[in-house]
Structure formats: structure tokens, C-alpha cells
Amino acid sequence: MGKLPDMTKHRGFPSGMPGTGVQFTIRRANPKGVTPIKKLPRRARPGTQEHRIDAAFLHALWHYFGAEPFERGNLDAARLNLLFEREVLPANKDFDPLSYEAMLVINEKLARESFPEAFEDVMEV
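All values reported here derive from a predicted model rather than from experimental measurement.

Draft legend 1. Layout of the nonpolar core. One finds F13, L58, L61 and F70 to be the most contacted residues of the largest nonpolar core, which totals 29 residues. At the level of secondary structure, the elements contributing two or more residues to this core comprise α1 (49–65), α2 (77–83) and β5 (103–106). Top contributing element to this core by residue count: α1, with 9 residues. Leave out the neighbours within four places in its chain, and F13 touches F24, T25, F57, A60, L61, Y64, F65 and L75.

Right, here's the structure in full:
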């Protein structure tokens, strides 16, 4: 295996949703190449487990980064893609969807409308 790209590891960020097997972070860079960040359709409806997982991921993002831009780093692309171009936006015009160094920011207004529970101090999962 060749040298993997550098990737910031967000220490202390939850690794996943307890009891589901859904991950929020990855352990190492993908040796086959960086998974692109792109908008994916979201079919989760409020009250479903998938909606709770999206809300828990957004809760973790908000309580870890707040309103400040953040580096993609070891955040799971699959989870980000379900929020991308809605609750999570590129932080700058030169956004590279294939970079672990890409900067993102929470679209707080829309995120609070879509997932109000994610902004509570404690979220029961």
C-alpha cells in the first residue's frame, strides 16, 4: 500500500451512532482515493431511525465545530453527503470535493429548521 494522503483526525468527535453500526468518522484515508463530497438525496422522514442518525451527526458537528468553518478530515463522506448543500455547505469558493482538507460550514438557519433537536444541549439517541 502506498502512502495515504494526510487527513486531520477530529479527536473527541463521536465515531458513530450507538447501537446502529453507522459511522460518523473514518479511521484512515481511503487507499483507493478520497470519496467525493456531493449532494445525495435524503429520504429520511422525521421520526425514522435514519432521520435520528442525521440529526445525531448534525448534533455532533454543531457541538464540536459550532458556526465556525471546519475541515472535512476524517468525517465520513456518506454522512456528510446526506447533509451537503443543505445543512452543510462549502466554506469557500475553491471547495475541492476530493480533498480531506476541504472546508465546510453548517448552514445554521436551514439546519435548525430541518433538525431542531440537533441544537439541544443533550440529544437522546
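Next comes the rest of the description.
Draft legend 2. The sheet that holds strand β3 (residues 70–71), seen in detail. Taken together, the 3 strands give an open sheet; going across it, the order is β3-β5-β4, and neighbouring strands pair in antiparallel fashion. Each of the sheet's edge strands pairs with one partner strand only, and the pair in question is β3 and β4 (88–90). Direction of pairing for β3 relative to β5: antiparallel, over a ladder of 2 bridges. Looking at β5, one finds that E71 is bridged to M103. Sheet contacts for α1: β3, β4 and β5; angle to β5, the most-contacted strand, approximately 105°.

Draft legend 3. Layout of the environment of P69. Secondary-structure assignment places P69 in the loop between α1 and β3. A relative accessible area of 44% means that P69 is categorised as partly exposed. The sequence separation of P69 and L104 amounts to 35 residues, and the corresponding C-alpha distance is 5.4 Å. The residues touching P69, leaving out its near neighbours within four places in the chain, are A91, M103, L104 and V105.

Draft legend 4. Expanded view of the pairing of β5. Bridging between β4 and β5 involves 3 bridges; their strand directions are antiparallel. Note that in β5 the partner of L89 across the bridge is V105.

Draft legend 5. Spatial organisation of the layout of surface pockets. As a volume, the largest pocket reaches approximately 190 Å³. Around the largest pocket, the lining residues are K9, H10, R11, F13, S15, Q23, T25, I26, R27 and N74. Looking at side-chain class alone, the lining of the largest pocket contains 2 nonpolar, 5 polar and 3 charged residues.

The rules behind these values
- Residues numbered from 1 in each chain as written.
- Predicted model: local features only at pLDDT ≥ 70, side-chain atom pairs only at ≥ 80, totals over all residues.
- Heavy atoms only, no water.
- Core = buried A, V, L, I, M, F, W, Y, C linked by side-chain atoms within 4.5 Å.
- Buried < 20%, exposed > 50% of the residue type's maximum accessible area, 1.4 Å probe, protein only.
- Helix = DSSP H or I, 4+ residues; strand = E, 2+ residues; numbered from the N terminus.
- Contact = heavy atoms within 4.5 Å.
- Pairing = 2+ DSSP bridges.
- Axes fitted to C-alpha atoms, helices over the stretch in contact; angles between N-to-C directions.
- 1 Å grid on protein atoms, 1.4 Å probe; cavity = no way out; pocket = protein on both sides within 12 Å on 5 of 7 lines; lining within 4 Å.
- Points joined across faces, edges and corners; volume = space filled by probe spheres on them.
- Nonpolar A, V, L, I, M, F, W, Y, C, P; charged D, E, K, R; others polar.

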